[in-house]
Amino acid sequence: MSERPMTPPTDKMRRLHAYFVEQFGEPEDLWVFDPTEVSNPAPYLRPTHVMVWPADDHCDVTTFQSIGMSERLMPGTRYYAEIHWGIRGHLNETERHAVAQRIADFCTYPFQHGIALDWWQVLADPGPLPHFPNCPHLLLHPDPADPDRSTLAEASGPIKLFYLIPITARENEILLTQGKQAFIDDLATREVDVLADRPAG
């Protein structure tokens, strides 16, 4: 029995790949999650690539970037999306693959559930978040370093980059009950590193 052929990347995926290589350099890993690899895949699944730049002597953050989520509009939106996740620390290959798999899962989330996602939205129950055992919630954030880099121009429509920030139950409560500024002020006061796990309290 012959193997199923892999789905080739689209022109948009190739352009995004070139853009992120220009920004970050060639990735160490390029994980490909293709529904053709399984029998009877769910209808909401699409090919997703996850680029990975491991932490090194110059940067202690392992960076992940999806490609493929922006092949279709989320329900009720006029923008596309891709996912970016930075985790402080040196992750081995097995750990990087596990994170990449979760990113591929998140890329299907709006299509599986028929909902739109946007910045400052919190996924209350995203499932296990590797390397963040004390952070049960997931905030979708613009680029914390440069918000102007949070949207990419594409002929088919803008692509929003969702930066994943795992947050604790306490941080989620502050955001929901007191608003964005109170949430930001609390993180600043406590000098929280949002790229790393932290105590739940």
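Everything in this summary refers to the structure shown in the same document. (Residues numbered from 1 in each chain as written. Predicted model: local features only at pLDDT ≥ 70, side-chain atom pairs only at ≥ 80, totals over all residues. Heavy atoms only, no water.)

**Here's the deal with the overall build of the protein chain**
Going by this rule: Working definition: helices are DSSP H or I runs of at least four residues, strands are E runs of at least two. Numbering for both runs from the N terminus. For a compact globule the rule gives 2.2 Å times the number of residues to the power 0.38, and the radius of gyration it is set against comes from C-alpha atoms. We call two residues in contact whenever any of their non-hydrogen atoms come within 4.5 Å of each other. Working definition of accessibility: Shrake-Rupley area with a 1.4 Å probe, residue cover restricted to the visible protein chains. Asp and Glu are treated as the negative residues and Lys and Arg as the positive ones, with His and the ends of the chain left uncounted. Every charge is mapped onto a representative atom, which is NZ of Lys, CZ of Arg, CG of Asp or CD of Glu.
For the protein chain, the count of helices and strands is 4 helices and 8 strands. Taking 17 Å as the expected radius of gyration for a compact globule of 201 residues, we find that the protein chain reaches 17 Å, a close match to that expectation. With the C-alpha coordinates aligned to their principal axes, the bounding extent of the protein chain is approximately 55 × 40 × 30 Å. Summarising the internal contacts of the protein chain: among those between residues at least 6 apart in sequence, 60% fall at separations of at least 24. In the structure as shown, the protein chain presents an accessible area of about 10500 Å², 52% of it carried by carbon and sulfur atoms. Distance between charge centres in the protein chain, computed from 16 positive and 29 negative side chains, equals 7 Å.

**Here's the deal with unusual backbone geometry**
A positive phi angle, near 70°, is found at Trp120, a position not held by glycine. Relative to the elements of secondary structure, Trp120 occurs in the loop between α2 (93-113) and β5 (122-123). Despite not being glycine, Glu191 shows a phi value in the positive range, around 50°. With respect to the secondary-structure elements, Glu191 resides in the segment after α4 (180-189).

**Section: the packing of helix α3 (residues 169-178) against α4**
Filter applied, for reference: Note on geometry: axes are lines fitted to C-alpha atoms, helical ones only across the stretch in contact, with angles between N-to-C directions running from 0 to 180 degrees. Residues are sorted three ways: Asp, Glu, Lys and Arg are charged, Ala, Val, Leu, Ile, Met, Phe, Trp, Tyr, Cys and Pro are nonpolar, and all the rest, Gly among them, are polar.
The N-to-C vectors of α3 and α4 enclose an angle of 145°; their axes lie 6 Å apart at closest approach. Contacts between α3 and α4 involve Arg170, Glu171, Ile174, Leu175 and Gln178 on the former and, on the latter, Lys180, Ala182, Phe183, Asp186 and Leu187. By residue class, the composition of the contact of α3 with α4 is 5 nonpolar, 1 polar and 4 charged.

**Quick look at empty space enclosed by the protein**
In this approach a probe as big as a water molecule rolls over the atoms, and the regions it shows empty are the leftover space. Short version of the rule: Grid points spaced at 1 Å over the protein atoms alone were grouped into cavities, where a 1.4 Å probe fits but cannot get out, and pockets, open sets with protein on both sides within 12 Å along at least five of seven lines, with lining residues defined by an atom within 4 Å of a point. Grid points are joined across faces, edges and corners, and a volume is the space filled by probe spheres set on the points.
On inspection of all chains with the given rule, the structure shows 2 cavities of 30 Å³ or more. The computed volume of the largest cavity comes to approximately 70 Å³. Mapped onto the lining of the largest cavity, the elements with two or more residues apiece are α1 (11-24) and β8 (159-167). Counting residues per element, the lining of the largest cavity draws most heavily on α1, which supplies 4 residues. Approximately 40 Å³ is the volume found for the second largest cavity. If you trace the second largest cavity, you find it lined by Arg46, Thr48, Gly68, Met69, Arg72, Cys107, Thr108 and Phe111. Top contributing element to the lining of the second largest cavity by residue count: α2, with 3 residues.

**Remarks on the packing of aromatic side chains**
Quick note on the threshold: Under the pairing criterion, centres of Phe, Tyr and Trp rings, with the six-membered ring standing for Trp, must be within 6.5 Å; the plane angle then separates stacked pairs below 30 degrees from edge-to-face pairs above 60, leaving the rest tilted. Remark: a charge is flagged as sitting over a ring if the NZ atom of Lys or the CZ atom of Arg is within 6 Å of the ring centre and within 35 degrees of the ring normal.
Tallied over the full model, the rule gives 5 aromatic pairs. Through a chain of ring-to-ring contacts, three or more aromatic side chains come together here, namely Trp85, Phe106 and Phe132. A cation over a ring is seen here: Lys160 above Trp119, with NZ or CZ 4.5 Å from the ring centre.

**A word on the environment of Ala42**
We count it as follows: Burial status follows relative accessibility: with a 1.4 Å probe on protein chains alone, a residue under 20% of its type maximum counts as buried, one over 50% as exposed, and anything between as partly exposed.
Tracing the backbone through its elements, the reader meets Ala42 in the loop between β1 (29-33) and β2 (48-53). Of the residues examined, Ala42 reaches a relative accessible area of 25% and is grouped as partly exposed. Expressed as a C-alpha distance, the spacing of Ala42 and Gln121, which sit 79 residues apart in the sequence, is 25 Å.

**A look at the environment of Arg190**
Selection rule: Pairing of N or O atoms within 3.5 Å defines a polar contact, subject to two protein rules: one partner must be a possible hydrogen donor and the other a possible acceptor, and residues neighboring in sequence count only if both atoms are side-chain atoms.
Looking at the secondary structure, you find Arg190 in the segment after α4. Residues Arg190 and His131, spaced 59 residues apart in sequence, show a C-alpha to C-alpha distance of 20 Å. For Arg190, the residues in contact, after removing those within four places along its chain, are Arg170, Glu171 and Gly201. At 2.9 Å, the side chain of Arg190 and the side chain of Glu171 are in polar contact.

**Here's the deal with the pairing of β1**
Put simply, the rule is: Strands qualify as paired when DSSP identifies two bridges or more between them.
Here β1 shows a buried face lined by Asp29, Trp31 and Phe33 and an unburied face lined by Leu30 and Val32. In the sheet, β1 pairs with β2 via 5 bridges, with the strands oriented antiparallel. Note on β2: the bridge partner recorded for Val32 is His49.

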